[in-house]
Amino acid sequence: MSWRAAVLTLFPEMFPGPLGLSLAGRALERGDWSLQTHNLRDHGLGRHRAVDDTPFGGGAGLVMRPDVVDAALSQALPPGDRRAVIYLTPRGRRLTQADAGRYAEGEGVVLLCGRYEGIDERVLDARGIEQVSIGDYVLSGGEPAALVLLDSVVRLLPGVMGSERSGLEESFADGLLEYPHYTKPADWQGRAAPEMLLSGNHAAIAAWRRAAAEADTRARRPDLWEQYASRTRFSALPITAAHRN
Ligand code: SAM
């Protein structure tokens, strides 16, 4: 069975959106993965199909009701379904490439998109739902976050990316940012591509790229560098831009 995604949302028309195009879109057409949306509104209460209510304790905004979300999850998750259930929220742990790889190895994901102030915590606790953020900023809804998470996972599914190598060499694959890229022309507006990359010496190019990845990670992402350096002997090296040429 192919990898299956389900999205619970008040805006099912946002899907597949950009995931219907390019790599992910072709994979969707081929059946390498599937995407099902569930409209939370279908489980709303009363004549207006209300999904939200005022927050206990007061304050601004509205909160999505636990009973409504629970009913939608019961419909979306058949008994025995082993997919990860994830609520996209800025309060969650930050999504990483390692998470994307882990989700790609599973049977699929069920994504819960919040709106308003978010979802009543009790239904998240009761169902042991994972809470995942795509970054330290606040979106107006979980849908763009769900699209980001799905994009990061679908490209890792077997056969979706053209070359298996490109996944292995990418940023975060081994704890570093990827090395910088250059293409033709070799000289562009007086800026030469690094000579080493034109040398044809594959071992020297690999070493250059490694050094560039390390220097850029150290300069741009000290948080990643610290973790990487604690696993390697490079922690004492000074930052260098020497790899540039
Ligand atoms: N009151 C919430 C807070 O301050 O944490 C923000 C709610 S936000 C306006 C509405 C919905 O957008 C959230 O329930 C969540 O589903 C989604 N969302 C917003 N920012 C997000 C992020 N960084 N990562 C994942 N989902 C996010």
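Refer to the structure presented above.
Residues numbered from 1 in each chain as written. Predicted model: local features only at pLDDT ≥ 70, side-chain atom pairs only at ≥ 80, totals over all residues. Heavy atoms only, no water.

> Got a minute to help me understand the environment of Trp208 in this structure?
Turning to its location among the elements, Trp208 is positioned in helix 7 (residues 202-220). Taking relative accessible area as the criterion, Trp208 reaches 7% and is therefore assigned buried. Residues Trp208 and Leu224 lie 16 residues apart in sequence; the distance between their C-alpha atoms is 20 Å. (Helix = DSSP H or I, 4+ residues; strand = E, 2+ residues; numbered from the N terminus. Buried < 20%, exposed > 50% of the residue type's maximum accessible area, 1.4 Å probe, protein only.)

> Sorry if this is basic, but what is going on with the pairing of strand 6 (residues 108-113) here?
Successive side chains on a regular strand alternate, one facing one side of the sheet and the next facing the other. With 6 of 6 residues buried, strand 6 is to be regarded as a mostly interior element. Side chains Gly108, Val110 and Leu112 project from strand 6 onto one buried face, and the interleaved Val109, Leu111 and Cys113 project onto a second face that is buried too. Judged from the 5 bridges that link them, strand 1 (residues 3-9) and strand 6 form a sheet pairing that is parallel. Looking at strand 6, one finds that Arg4 is bridged to Gly108. When strand 5 (residues 84-94) meets strand 6, the two strands line up parallel, connected through 5 bridges. (Pairing = 2+ DSSP bridges.)

> Can you walk me through helix 7 in this structure?
Note that an α-helix has 3.6 residues per turn; residues three or four places apart therefore point the same way. Here helix 7 spans 26 Å end to end across 19 residues, near enough to the 27 Å set by a 1.5 Å rise per residue. Restricting attention to buried positions, one finds in helix 7 the residues Ile205, Trp208, Ala212, Ala213, Glu214, Ala215, Asp216 and Thr217. Those residues of helix 7 that are buried are in contact with helix 8 (222-231). (Expected span 1.5 Å × (residues − 1). Contact = heavy atoms within 4.5 Å.)

> How should I be thinking about the packing of helix 3 (residues 97-105) against helix 5 (residues 143-154) in this particular structure?
Packed helix pairs are characterised by how far apart their axes lie and by the angle those axes make with each other. Relative orientation of the contacting elements helix 3 and helix 5 amounts to 70°, with a least axis distance of 8 Å. Taken as axis vectors, helix 3 and helix 5 run roughly perpendicular relative to one another. Packed against helix 3, whose contacting residues are Ala100, Tyr103 and Ala104, the element helix 5 presents Leu149, Ser152 and Val153 at the interface. By residue class, the composition of the contact of helix 3 with helix 5 is 5 nonpolar, 1 polar and no charged. (Axes fitted to C-alpha atoms, helices over the stretch in contact; angles between N-to-C directions. Parallel < 35°, antiparallel > 145°, perpendicular 65-115°, else oblique. Nonpolar A, V, L, I, M, F, W, Y, C, P; charged D, E, K, R; others polar.)

> Would you explain helix 1 (residues 22-30) in this entry?
Considered for burial, the residues of helix 1 that qualify are Ala24, Gly25 and Ala27. Across the axial projection of helix 1, the buried residues extend over an arc of 160°, all falling on one side. Seen from the buried face of helix 1, the exposed residues on the opposite side, beyond 90 degrees, are Ser22 and Glu29. In this fold, the buried residues of helix 1 make contact with strand 2 (33-39) and helix 5. (Arc of directions from axis to C-beta.)

> Quick question: what am I supposed to make of the layout of surface pockets here?
Empty space among the atoms can be located by rolling a probe the size of a water molecule over them. The calculated volume of the largest pocket comes to roughly 660 Å³. Elements supplying a minimum of two residues to the lining of the largest pocket: strand 4 (63-64), strand 5, helix 4 (121-126) and strand 7 (130-133). Per-element accounting of the lining of the largest pocket gives the leading share, 5 residues, to strand 5. Residues of the lining of the largest pocket, tallied by class, amount to 17 nonpolar, 10 polar and 8 charged. (1 Å grid on protein atoms, 1.4 Å probe; cavity = no way out; pocket = protein on both sides within 12 Å on 5 of 7 lines; lining within 4 Å. Points joined across faces, edges and corners; volume = space filled by probe spheres on them.)

> Could you clarify how one ought to interpret the site of the ligand in this entry?
Taken together, 20 residues lie near the ligand, and Tyr87, Leu88, Gly114, Tyr137 and Leu139 sit nearest. Contact distances for the ligand include 3.1 Å between a nitrogen atom and a backbone N or O atom of Ile134. The backbone of Tyr137 places a nitrogen or oxygen atom 2.8 Å from a nitrogen atom of the ligand. Among the detected pockets, the ligand sits in the largest pocket. Per-element tally for the shell around the ligand: the top contributor is strand 5, with 5 residues. (Near = heavy atom within 4 Å. Polar contact = N/O pair within 3.5 Å; in protein donor to acceptor, adjacent residues only side chain to side chain. Sits in = over half its atoms within 2 Å of the grid points.)

> Please explain the packing of aromatic side chains as it appears in this structure.
Any aromatic ring pair is given by two values, namely how distant the centres are and how the planes are angled relative to each other. In the structure shown here, the tally under the stated rule is 1 aromatic pair. Consider the rings of Trp225 and Tyr228, whose centres lie 5.4 Å apart with planes at 40°: the pair is tilted. Of this pair, Trp225 and Tyr228 both sit in helix 8, 3 residues apart, which is roughly one turn of the helix. (Phe/Tyr/Trp six-rings, centres within 6.5 Å; stacked < 30°, edge-to-face > 60°.)

> Sorry if this is basic, but what is going on with the environment of Glu170 here?
Looking at the element boundaries, Glu170 is found in the loop between helix 6 (164-169) and strand 8 (187-188). We classify Glu170 as buried; its relative accessible area is 18%. Taking the C-alpha atoms as reference points, Glu170 and Gln97, 73 residues apart in sequence, are found 9.8 Å from one another. Filtering out sequence-adjacent residues up to four positions away, Glu170 remains in contact with Gln97, Arg155, Leu176 and Glu178.

What is shown is where atoms sit, not what they do.
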